[in-house]
Each structure stands twice: as C-alpha cells, then as structure tokens.
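Structural features, examined
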Amino acid sequence: MLGCKHKTPESNEVSFNQDLADELQTMSVIDQIAANNAFPPSNYSSLSQEEWEVFKDSVYRTNQKRAKEIFDTYGFVGFDLAGKEGSKNFWLIVQHSDHNPKFQNEVLEKMKVQVDIKNAESRKYGLLVDRMNLNTGKAQIYGTQVTYNMNTGQAYPKKLADSTNVNKRRKSIGLEPIEIYLNDMSEMHFEMNKENYLKKGVTEPYLYKTK
C-alpha cells in the first residue's frame, strides 16, 4: 500500500518511491495501448470498433480513478517522488483523462507549483493546459493540440488564443516554434496514414515555411 508523501528528517527532499514509479509504468503501458490510433492493435484484433471504444474508455477511466487516489495522497508526482519517467507517466494518464476536465484542472494547479521549482516538465505542463482548455470550451494557449487537413496531410492547431504571440508563449516553457511542431506532427500523421494519402495522389504532406 502506498504511504504518504514525506520528507526526510535531514532535508526538505521527498523520498523516492520505487513502488509508485513501477505502478505508474504499468499503468502507462495499458494507456499507450488504448491511445493507439491504429485500429485494431494486433493483440486486440478480435474486438469490433464499438468494443474497442468501450475498452479504451474503460482504460482511461480506470487509470484516472487510480491517478486521483495517487494525486490525493501525493499531489502532482514530481521527479523527486518517482523520477522523470514516473512523473511523465503520471502526467500521461492525466492528459488522457478527458472525461474529467475538473480533475485535469486540479492536477494542473499542483503541477504548476512543481514546474516552478523545476520538479516537473514545463513542456508537459503546456500540453495539459491546452488539453484541459479545449475540454472546457476554451482556446488553447500553446497550440499543442492539433487536427489535420485530410486532403493535404497538414496539421493545424485547434482553437488557439492570440496566435500572433504563440511562439513567445511556447518559448517560455521550452517548446519549439509552432511551425516546426506542426511540421513534425504533419509528417508523423502522413506516415501513419500514407496508404490513404497515396490513393489521393498526395506523396508528402504540405508543410509550413520555417525560418
């Protein structure tokens, strides 16, 4: 059973929790199976599309429930508690808890504290900010959440606030310029859907000009 977050008597450092890091690693594995955009993944080929969607929803909700228990005990899981990988895995589960934006917002508030003391990754914070904003009907801040022009394969940001200054905001949290990010996403999307684009006569994605 997971113990309470505590500091060592000699310092203000939080004790590393290997059991928690291991659990989050296990949770992240099933999360990534559910997040697979290709249907169906090889080990789940017997599922229908409807069954696959039910499976994915079950994974996200089960992981979120456990993540809430972890969060209530520890707050945001920082590097000191579970290492960089463990912190990333906790964030990943929260990132995919779109059915509960209230929980995402609660985590964001605690994550910002850890980001400010460099105990959590600022880039991941930006991704969660954008995800939560879109889930609550707001415009995203950093332009990390994208959709695609299915005729050209080009990625473009979903609803975005103040696009003129987005690269200034991205730079403040360590993100690359949005044009480079969108091109990377476009190329990845194109490769994943290459067969369909080739049928349309599209041999490569349309990319943004970069400086």
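Cut-offs used in this document
- Residues numbered from 1 in each chain as written.
- Predicted model: local features only at pLDDT ≥ 70, side-chain atom pairs only at ≥ 80, totals over all residues.
- Heavy atoms only, no water.
- Helix = DSSP H or I, 4+ residues; strand = E, 2+ residues; numbered from the N terminus.
- Expected span 1.5 Å × (residues − 1).
- Buried < 20%, exposed > 50% of the residue type's maximum accessible area, 1.4 Å probe, protein only.
- Contact = heavy atoms within 4.5 Å.
- Salt bridge = Lys/Arg side-chain N within 4 Å of Asp/Glu carboxyl O.
- Core = buried A, V, L, I, M, F, W, Y, C linked by side-chain atoms within 4.5 Å.
- Phe/Tyr/Trp six-rings, centres within 6.5 Å; stacked < 30°, edge-to-face > 60°.
- Lys NZ or Arg CZ within 6 Å of the ring centre and 35° of its normal.

Re helix α2 (residues 49-74)
When the terminal C-alpha atoms of α2 are compared, their 37 Å separation across 26 residues agrees well with the 38 Å that a helix rising 1.5 Å per residue should span. Of the positions making up α2, those classed as buried are Trp52, Phe55, Lys56, Val59, Tyr60, Asn63, Gln64, Ala67, Ile70, Phe71 and Tyr74. Along its buried surface, α2 packs onto α1 (18-34), α3 (79-95) and α4 (101-116). Once α2 ends, the next one or two residues include glycine 75, with phi positive near 80 degrees.

Quick word on the pattern of salt bridges
Across all of its chains, the model carries 13 salt bridges by this definition. Notably, a salt bridge pairs glutamate 23 with arginine 66, separated by 2.7 Å at the nearest N-O pair. Taken together, the positions of glutamate 23 in helix α1 and arginine 66 in helix α2 put the pair 43 residues apart, joining distant regions of the chain. Judged by its relative accessible area of 23%, glutamate 23 falls in the partly exposed class. Linking aspartate 57 and arginine 61 is a salt bridge whose minimum nitrogen-to-oxygen distance equals 2.9 Å. Separated by four residues within a single helix, aspartate 57 and arginine 61 lie in helix α2, roughly one turn from each other. Since its relative accessible area comes to 35%, aspartate 57 is described here as partly exposed. Accessibility expressed as a relative area gives 42% for arginine 61, which makes it partly exposed. Connected through shared salt-bridge partners, Glu121, Arg123, Lys124, Arg170 and Glu176 make up one network.

Thoughts on the nonpolar core
Leu24, Val77, Phe90, Val107 and Met111 are the most contacted members of the largest nonpolar core, which totals 40 residues. Listed by contribution, the elements that provide at least two residues to this core are α1, α2, α3, α4, α5 (122-135), β1 (146-148) and α7 (178-192). Filtering out sequence-adjacent residues up to four positions away, valine 107 remains in contact with Phe71, Phe76, Phe90, Val94 and Leu128. Ala34, Trp52, Phe55 and Tyr60 belong to the second-largest nonpolar core, a separate cluster that totals five residues.

Brief notes about the packing of aromatic side chains
To describe a pair of aromatic rings, you give the distance between the ring centres and the angle between the ring planes. Under the definition given, this model contains six aromatic pairs. Their ring planes at 90 degrees and their centres at 6.0 Å tell us that phenylalanine 71 and phenylalanine 103 sit as a pair that is edge-to-face. Pair noted here: phenylalanine 71 is in helix α2 and phenylalanine 103 is in helix α4, with a separation of 32 residues, a long-range link. Judged by relative accessible area, which is 1%, phenylalanine 103 ranks as buried. In this structure an aromatic cluster arises from ring pairing among Tyr44, Trp52 and Phe55. One cation-aromatic arrangement involves lysine 84 over phenylalanine 79; the distance from NZ or CZ to the ring centre is 5.6 Å. It is lysine 124 that lies over the ring of tryptophan 91; its NZ or CZ is 5.2 Å from the centre.

So yeah, pure geometry; function would need other evidence.
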